[in-house]
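# An overview of the molecular structure
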Amino acid sequence: MKQRLLYALVPVLLLFGITVGQASDRFIIVASTTSTQNSGLYEYMLPIFSKQTGIQVRVVAVGTGQAIKNARNCDADVLFVHHKPSEEKFVADGFGVKRYDVMYNDFVIIGFKNDPAGIKGMKDATAALQKIAAAKSPFASRGDNSGTHKKELSLWRAAGVDAPKASGTWYRETGSGMGATLNTASAMNAYTLSDRATWLNFKNKGDLAIVVEGDKRLFNQYGITLVNPAKCPKVKVADGQKFVDWVLSPQGQQVINDYKIGGQQAFFATASMRARR
Amino acid sequence: MHDLSTAFVTAFQLILSLDANLLEIVGLSLRISLTAVLLAALVALPLGAAVALFRFPGRTVLVAVLNSLMGLPPVVVGLLVYLLLSRAGPLGELGLLFTPTAMVIAQTILVAPIIAALTRQTVADLNEEYAEQLGSLNVGPGRAIWTLLWEGRFSLLTAVLAGFGRASAEVGAVIIVGGNINHVTRVMTTTIALETSKGDLALALGLGIILLLLVLGINSTALAVQNTARRLYG
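Below, the structure is looked at part by part. (Residues numbered from 1 in each chain as written. Chains lettered and ligands numbered in written order. Predicted model: local features only at pLDDT ≥ 70, side-chain atom pairs only at ≥ 80, totals over all residues. Heavy atoms only, no water.)

## Comments concerning the side chain of R186(B)
Here R186(B) is to be found in the loop between helix 8 (172–178) and helix 9 (188–197). For the buried R186(B), which has no salt bridge, the nearest side chain bearing the opposite charge is E43(A), at an N-O separation of 4.7 Å. Within the structure, R186(B) has its side chain in polar contact with the side chain of N182(B) (distance 3.4 Å). Excluding anything up to four places from it in sequence, R186(B) contacts Q37(A), I25(B), L28(B), N180(B), I181(B), T191(B) and L194(B). (Helix = DSSP H or I, 4+ residues; strand = E, 2+ residues; numbered from the N terminus. Buried < 20%, exposed > 50% of the residue type's maximum accessible area, 1.4 Å probe, protein only. Lys, Arg positive; Asp, Glu negative; His and termini not counted. Salt bridge = Lys/Arg side-chain N within 4 Å of Asp/Glu carboxyl O. Polar contact = N/O pair within 3.5 Å; in protein donor to acceptor, adjacent residues only side chain to side chain. Contact = heavy atoms within 4.5 Å.)

## Quick look at the interface of chain B and chain A
Of the residues lining the interface, 33 residues belong to chain B; the matching set on chain A comes to 36 residues. The largest contributions to the chain B side of the interface with chain A come from R31(B), R87(B) and K198(B), which together make up 23% of the buried area. For the pair chain B and chain A, the interface holds three salt bridges. Ionic pairing is found between D77(A) and R87(B), a salt bridge with its closest N-O pair at 3.4 Å. It is helix 2 (residues 20–53) of chain B that provides the largest number of residues to the side of chain B that touches chain A, a total of six residues. Across the side of chain B that touches chain A, the residue classes break down as 15 nonpolar, eleven polar and seven charged. (Buried area = accessible area lost by both parts, 1.4 Å probe. Nonpolar A, V, L, I, M, F, W, Y, C, P; charged D, E, K, R; others polar.)

## Points about the packing of aromatic side chains
Residue and element names in this part refer to chain A. In this structure the tally under the stated criterion is 13 aromatic pairs over all chains. Both rings, one in Y42 and one in F80, keep their centres 6.0 Å apart while their planes meet at 75°; by these two values the pair is edge-to-face. You can see Y42 sitting in helix 3 (residues 41–53) and its partner F80 sitting in strand 3 (residues 78–81), a full 38 residues away along the chain. Assessed through its relative accessible area of 0%, F80 is described here as buried. Ring plane angle 80° and centroid distance 5.2 Å describe the contact between F139 and W156, whose orientation is recorded as edge-to-face. (Phe/Tyr/Trp six-rings, centres within 6.5 Å; stacked < 30°, edge-to-face > 60°.)

## A look at a nonpolar patch on the surface
Residues and elements named next belong to chain B. Together, F8, F12, I15, L16, L213 and L216 make up an exposed nonpolar region whose accessible area comes to about 600 Å². Elements supplying a minimum of two residues to the nonpolar patch: helix 1 (2–17) and helix 10 (201–233). Top contributing element to the nonpolar patch by residue count: helix 1, with four residues. Among the secondary structure elements, L216 is positioned in helix 10. Residue classification places L216 among the exposed positions, given a relative accessible area of 51%. (Patch = residues over 30% accessible without salt bridge, like charges linked within 9 Å, V, L, I, M, F, W, Y side chains within 5 Å. Areas by Shrake-Rupley, 256 points an atom, 1.4 Å probe, with all protein chains shown as cover.)

Right, dumping it as structure tokens:
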């Protein structure tokens, strides 16, 4: 009987050995957002960094709210998200060393082709939202405390509409990522707010199209922050800093500018502009 | 409809091309789920048998709890394991969060109650047949558990396969504790979730078809082994 048990243990140990063995490479963990992951930027950018430095970058892509929560639990070395007020609070609370602007793109309002609220081509995002609310046209909200969700809420506030109060009627909170929300919008003919990169890379566009773009308030800024070793002693400071420095370096910024989806530039690097000033 | 037909084409193209990324993901999925099921079985088979065979205070409650735990929501298990393994959590020192090992732990917790509960029922039924015989031979508790597990091995295989089905199909737990990191913790189900969120529904469904074929393959192998063994030793 003992022998049998031993034999049973062998494959378990083998499997476990392989499984655990993988985790011992040199790597950092970056808490980031679904929008950057769904855009495909990381698959383009990270191999270049890893090849130069030998540091593997493991991206855990969730909503900005959850990414910050993960970093507060010390479960990341670097935070790379897109909601400046939350990021600044993260640093002010002592969890981040310093926040840097990295790149921007913009949000766009996506809508169904027949455009029931009649907002197609509008340049004023808040006026467009007011028309959606007045027409009670379905609007799919992320509803997940992500950077995009926070942006959307601030736009509703600016429009003077208490949209969340209408939750469950024309205002529908999906509580999921950008892609899943676009799928939902596509299925229920709803309007939604998306970052441009996710939209460009999204395959299930169906009858959806950009209806409103170009408003200054739709600006979408991404920032990078090294998690503070004073709060999180296990943070890989040296390798994490290397990644932050590389992303902000002329080369890293060039790589970001070079990334294109279907011939369109997805993100616009901003750190080198800052350096030049 | 278009996506449905494209999905089948995509699935077979992926299989035929032996795409390196796909092989990596499939390999990791199998390694994690099989490890979890083996670990769970090591604990759950004797545990289930013990609960079936011995009378002790609180036994009925334990049975009810075991049966209920079969319905553990994966996302809750994921959250629990996340909080345990987080650097801010009690086991943070181990540095296991966002590794395949964390995914094995989560799936083991998910699967163990299923195997234990099904084992308990199987062994309890068998015990009605064997109780007298075991009593007259005056065997010890360990020996009794082993004998009944061995006698019930064919039915218990189904319990283990049910556990494997659960492990290979769930996404809620592994996406939280694994983080769906490319080339590190990305498995079949998290890839399907990711491709769905990219709106590539045909690719997502294609991967789903491959996952089903894999599970079918494993179940068929297990059944074949069972039948052969039954013919030789049954």
